[in-house]
Amino acid sequence: MDIKSIVAQMTLEEKAALCSGKDFWRLETPERLGIPSVMVSDGPCGIRKQADKADHMGFNASVPATSYPTGSCMACSFDRDLFKVQGETLGHACQAEELSVLLGPAVNIKRSPLCGRNFEYLSEDPYLAGELSKKYIDGVQSQDIGVSIKHYAANSQEYHRMSNDSIVDERTLREIYLPAFEASVKESKPWTVMCSYNKINGTFAAENKYLLTDILRDEWGFDGYVVSDWGATTADRVKCLEAGMDLEMPGKNVANDKQLVEAVNSGKMDVAVLDTACERILDVVMRYVDKRRPDTVIDFEADHKFAQTIAEESMVLLKNDGILPLKKEQKVAFIGKFAEVPRFQGGGSSHVNAYKVTGALEAAADLNVTYAKGYETDTDQPDEALLNEAAETAKAADVAVLFVGITDALESEGFDRSTLAMPKNHEALVKAVTAVQPNTVVVGMCGGCITMPWINDVKGVLYAYLGGEAVGPATVNLLYGNVNPSGKIAETFPLQLEDNPSYLYYIGDEQDKTEYREGIFVGYRYYDKKKMNVLFPFGHGLSYTTFEYSNLKLDKTEMKDTDTLTVSVDVTNTGAVKGKEVVQLYVGMPESMTIRPDKELKGFEKVELEPGETKTVSFELSKRAFAYYKTDMADWYVESGEYEIIAAKSSRDIACTAAVKVESTTVLKPVYSMNSTMGEIMANPIGAQFIGQMMAQSPLGGGGDAAAAADSIGMGKAMMEMMKGMPLRTMIAFAGGMIPTEVINGLLAQLNA
Ligand code: BGC
């Protein structure tokens, strides 16, 4: 279909109408021209198709759908293939439900563990978030369904999410908050991008031409439509459209449509802007319409099983003092209401009407398991009778497994958590049970991380996160070793909230400005640099077997930044059972001249190994793996020098390292001025010669060598260091008129030539 000719046949009113929805979920297409209206739905970890009453907070019912583990859980799989298959499964279900676009993936960076929506987001690490996001997109879109990658951008808190202004410096934006979007847009071409509610550096995302057009389209080549988050369009619809925000949702904001019509009629806005937005929207609509398959059938049972597989691949064994896996013969007490009624998904727009939910107690029906409720979920107050019953049940068993975490009321879209602690009644339960049962395991059910003041009192911790509708069988399989845990946490668990780098500036000031003052030091980038102890480091996760790394090899030891480095490392399963290991590759530059994290994740692979088996895992590193964003160049830049290549089991468990020298192919041309320091001037051979001669003529002598001159008065190092930091103008002032202005101007001209 020729989209341009369709747009040419549309009236001005029809064009304006197309740029906002028909209702909460549908688009207002020109049906008289043969383009059917299409529907979009949330995402990301299941389908929330509201056939009747609509809302954006998950209050009203939606059609039954498979509830998969949430993003925070699934990211711990570090498994690209799993994301791809999940995407395919979701896309398939969208075909069945006649949805043109699925509103996900959600890839905002976990800046603070308090963010109420961290359960939906993937990681504190932009590379990991981007790699997984790309595969989800590939999967969904392979089914001829679009995605809407969200929420673009710097939307890392729920507090005042619709009004706050995220103040982020350019380098931080480029290195931390944009890369997951960038990689996804460049490599997986999402059909749509959802702009966030917040302002970024003073401009609402919906009006932000810099983000929506300059970066998204002009730099990254985005070719779909930008949709507003639901209600994110500002009062100035024209400004939004001109900035590149094509589709306003939800519809039908008649006043905003009118603004567009009037702007064209009055000549304030060129109709071409409106035409372009319409072409983008219709193009995406037709990508779906042309390939609709409404006869598609969802196999809910198969999807339920797949949800279980995802959970099994993702949940993380954080601690194990030899207590796990449990043995069938053991008498095990499951304690905590979450064992019976699991917390398996988060609240808000991602909330799915789960097809069926299987809890751990139900899944353990054939095992020697007893149960005590331990707490109620509608209160955080401990209940003495329930605690006593729990302690008795625990005492009478060989092992107690506590199902605790955070309740729905304390963690959801729309507001932030106020603490990392579990509710009082969950904490009290851990205390009561560990007091009587030394063999205690905790199963953590929470969208994000928690503090664990009791960590030394328990022998094992399996972190289930929000494990989706099949959380029960997955948990039981992992606890009993039917499946070997292989998840690794995609975020750092700090010892206390106050350790988090954003802690001092998390909630904005009275003007609703949230300053991202920790800059690029988010998550492990901060804890590493500060050499701080953490509860569990980024990338940590145990297995029922052990792995050894050896033979880290680089295919070269010197390279240009335009070359590709191939890295390989051997991984051996040294234990007694089959298992999977997530091999992590970090890159650092110990002697960098600029402020950088100690190391950053630049590669990962998940491998499965039989006992005794060795596999070689390979990675390719290209320019971006070594680069930082150089703001004055407005580009990525690789500093020449030695880089460390680190193969690791977690960000704090480094297995082997190797070094490579990288030479930059970018010639930096410094501009010299009176404010240039002597160090900068002497770094240039012409400058060094000049200063040497100057020193030689000075009473110090030194034969033309500045260092030798300084040495001659016994001040070598100190004097040179002092001089290096001195601007040229100050040097001249100190020379007391000895250096004529023409000579200085001549020097600067030569240096800048
Ligand atoms: C959320 C989006 C969601 C939309 C529609 C908004 O409140 O931020 O993630 O897709 O509602 O439900």
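Preceding block: the structure.
Residues numbered from 1 in each chain as written. Predicted model: local features only at pLDDT ≥ 70, side-chain atom pairs only at ≥ 80, totals over all residues. Heavy atoms only, no water.

Applying the stated criterion across every chain, the model contains 21 aromatic pairs. Taken together, a centroid distance of 5.7 Å and an interplanar angle of 85° make the contact between phenylalanine 338 and tyrosine 375 edge-to-face. Remark: tyrosine 375 occurs in the loop between strand S13 (369-372) and helix H15 (384-395) and phenylalanine 338 occurs in helix H13 (residues 337-340); sequence separation between them is 37 residues. Per residue, the accessibility class of phenylalanine 338 equals that of tyrosine 375, and both read buried. (Phe/Tyr/Trp six-rings, centres within 6.5 Å; stacked < 30°, edge-to-face > 60°. Helix = DSSP H or I, 4+ residues; strand = E, 2+ residues; numbered from the N terminus. Buried < 20%, exposed > 50% of the residue type's maximum accessible area, 1.4 Å probe, protein only.)

This part covers the environment of proline 453. By secondary structure assignment, the location of proline 453 is in the loop between strand S15 (440-445) and strand S16 (460-463). On the basis of relative accessibility, which here comes to 65%, the residue proline 453 falls in the exposed class.

As a further point, take the pattern of salt bridges. Following the criterion strictly, the structure yields 55 salt bridges and no others. Here lysine 84 makes a salt bridge to glutamate 88, at a shortest N to O gap of 3.6 Å. A residue pair is termed a helical-turn pair when its members lie 3 or 4 positions apart in one helix, as lysine 84 and glutamate 88 do in helix H4 (residues 80-97) at 4 residues. Across the pair aspartate 257 and lysine 252 runs a salt bridge whose closest N-O atoms are separated by 2.9 Å. What makes aspartate 257 buried here is its relative accessible area of 11%. Its relative accessible area of 28% is what places lysine 252 among the partly exposed residues. Among the ionic contacts, a cluster of salt bridges with common partners joins Arg80, Glu131, Lys134, Glu187 and Glu605. (Salt bridge = Lys/Arg side-chain N within 4 Å of Asp/Glu carboxyl O.)

Overall, mixed pairing links the 6 strands, which are arranged S10-S16-S15-S14-S11-S13 in an open sheet. This sheet does not close on itself; its edge strands, each paired only once, are strand S10 (316-320) and S13. Averaged over neighbouring strand pairs, the angle between their axes works out to 20° when direction is ignored. In the sheet, strand S11 (residues 332-335) pairs with S13 via 4 bridges, with the strands oriented parallel. (Pairing = 2+ DSSP bridges. Axes fitted to C-alpha atoms, helices over the stretch in contact; angles between N-to-C directions.)

A few words on the packing of H4 against helix H12 (residues 300-314). Interaxial distance between H4 and H12 falls to 11 Å at its minimum, and their mutual angle equals 155°. With respect to H12, the element H4 is oriented roughly antiparallel. Of the two possible hands of crossing, H4 and H12 adopt the one that is left-handed. Contacts between H4 and H12 involve Leu82, Val85, Gln86 and Thr89 from the former and Asp303, Phe306, Ile310, Glu313 and Ser314 from the latter. Of the residues that constitute the contact of H4 with H12, the class distribution is 4 nonpolar, 3 polar and 2 charged. (Parallel < 35°, antiparallel > 145°, perpendicular 65-115°, else oblique. Left-handed = near helix turned anticlockwise from the far one by under 90°. Contact = heavy atoms within 4.5 Å. Nonpolar A, V, L, I, M, F, W, Y, C, P; charged D, E, K, R; others polar.)

As a further point, take the pairing of S16. Side-chain alternation along S16 places Gly460 and Leu462 on one buried face and Val461 and Tyr463 on a second face that is also buried. For S10 and S16, the ladder comprises 4 bridges, and the chain directions are antiparallel. Directly across from asparagine 320, in S16, lies its bridge partner glycine 460. Relative to S16, S15 runs parallel, the two being bridged by 4 bridges. Among the inter-strand pairings, valine 443 is bridged to a residue of S16, identified as leucine 462.

Below, the discussion takes up the site of the ligand. The immediate surroundings of the ligand are formed by 15 residues, with Asp42, His56, Arg117, His151 and Asp229 found nearest. Within the side chain of histidine 151, one N or O atom sits 2.7 Å away from an oxygen atom of the ligand. Burial of the ligand by the protein chains amounts to 100% of its free accessible area of 310 Å². Across the shell around the ligand, the residue classes tally to 5 nonpolar, 3 polar and 7 charged. (Near = heavy atom within 4 Å. Polar contact = N/O pair within 3.5 Å; in protein donor to acceptor, adjacent residues only side chain to side chain. Areas by Shrake-Rupley, 256 points an atom, 1.4 Å probe, with all protein chains shown as cover.)

The next thing to look at is the nonpolar core. Grouped together as the largest cluster of nonpolar side chains are 118 residues, with contacts concentrated most on Leu27, Val40, Tyr152, Tyr225 and Trp230. Here the element with the most residues in this core is helix H11 (residues 271-289); it accounts for 10 residues. Core analysis: the second largest hydrophobic core is formed by 68 residues, Leu324, Ala333, Ile335 and Tyr463 among them. (Core = buried A, V, L, I, M, F, W, Y, C linked by side-chain atoms within 4.5 Å.)

This part is about the environment of arginine 517. Structurally, arginine 517 can be placed in the loop between strand S17 (513-515) and helix H18 (524-529). Separated by 13 residues in the primary sequence, arginine 517 and leucine 504 have C-alpha atoms spaced 9.0 Å apart. If we skip the residues at most four places from it in the chain, arginine 517 touches Arg111 and Tyr505.

Summarising the element assignment, serine 350 is placed in the loop between H13 and strand S12 (353-354). The buried category is assigned to serine 350, whose relative accessible area is 2%. The contact partners of serine 350, leaving out residues within four places of it in the chain, are Gly43, Pro44, Cys45, Phe119, Glu120, Gln345 and Glu413.

We now examine the sheet that holds strand S27 (residues 653-663). Pairing is mixed across the open sheet formed by 5 strands, whose spatial order is S19-S27-S26-S21-S22. Both edges of this open sheet fall to strand S19 (558-560) and strand S22 (600-609), since each of them pairs with a single strand only. Going from strand to strand, the sheet's axes swing by 30° on average, the running direction of each strand aside. Bridge count for strand S21 (residues 579-588) against S22 is 9 bridges, and the pairing is antiparallel. Bridging across to S22, valine 587 finds its partner in glutamate 600.

Moving on to helix H7 (residues 179-188). Burial analysis of H7 places 8 of its 10 residues in the buried class, the great majority of the element. What H7 keeps buried is the set Pro179, Ala180, Phe181, Glu182, Ala183, Ser184, Val185 and Ser188. Positive phi appears at lysine 189, one or two residues downstream of H7, with a value of about 45°.

Here we come to the environment of cysteine 656. As for its position among the elements, cysteine 656 is in strand S27. Overall, the relative accessible area of 13% leaves cysteine 656 in the buried class. On a C-alpha basis, the gap between cysteine 656 and isoleucine 645 in space is 8.4 Å, while along the polypeptide they are 11 residues apart. If sequence neighbours within four positions are ignored, cysteine 656 has contacts with Tyr549, Ser550, Leu552, Val569, Ile645, Ile646 and Ala647.

With that settled, the discussion passes to the pairing of S11. Both faces of S11 are covered, namely the face carrying Val332 and Phe334 and the face carrying Ala333 and Ile335. Pairing of S11 with strand S14 (residues 399-405) involves 4 bridges; the strand directions are parallel. Considered in S14, the bridge of alanine 333 is made with alanine 400.

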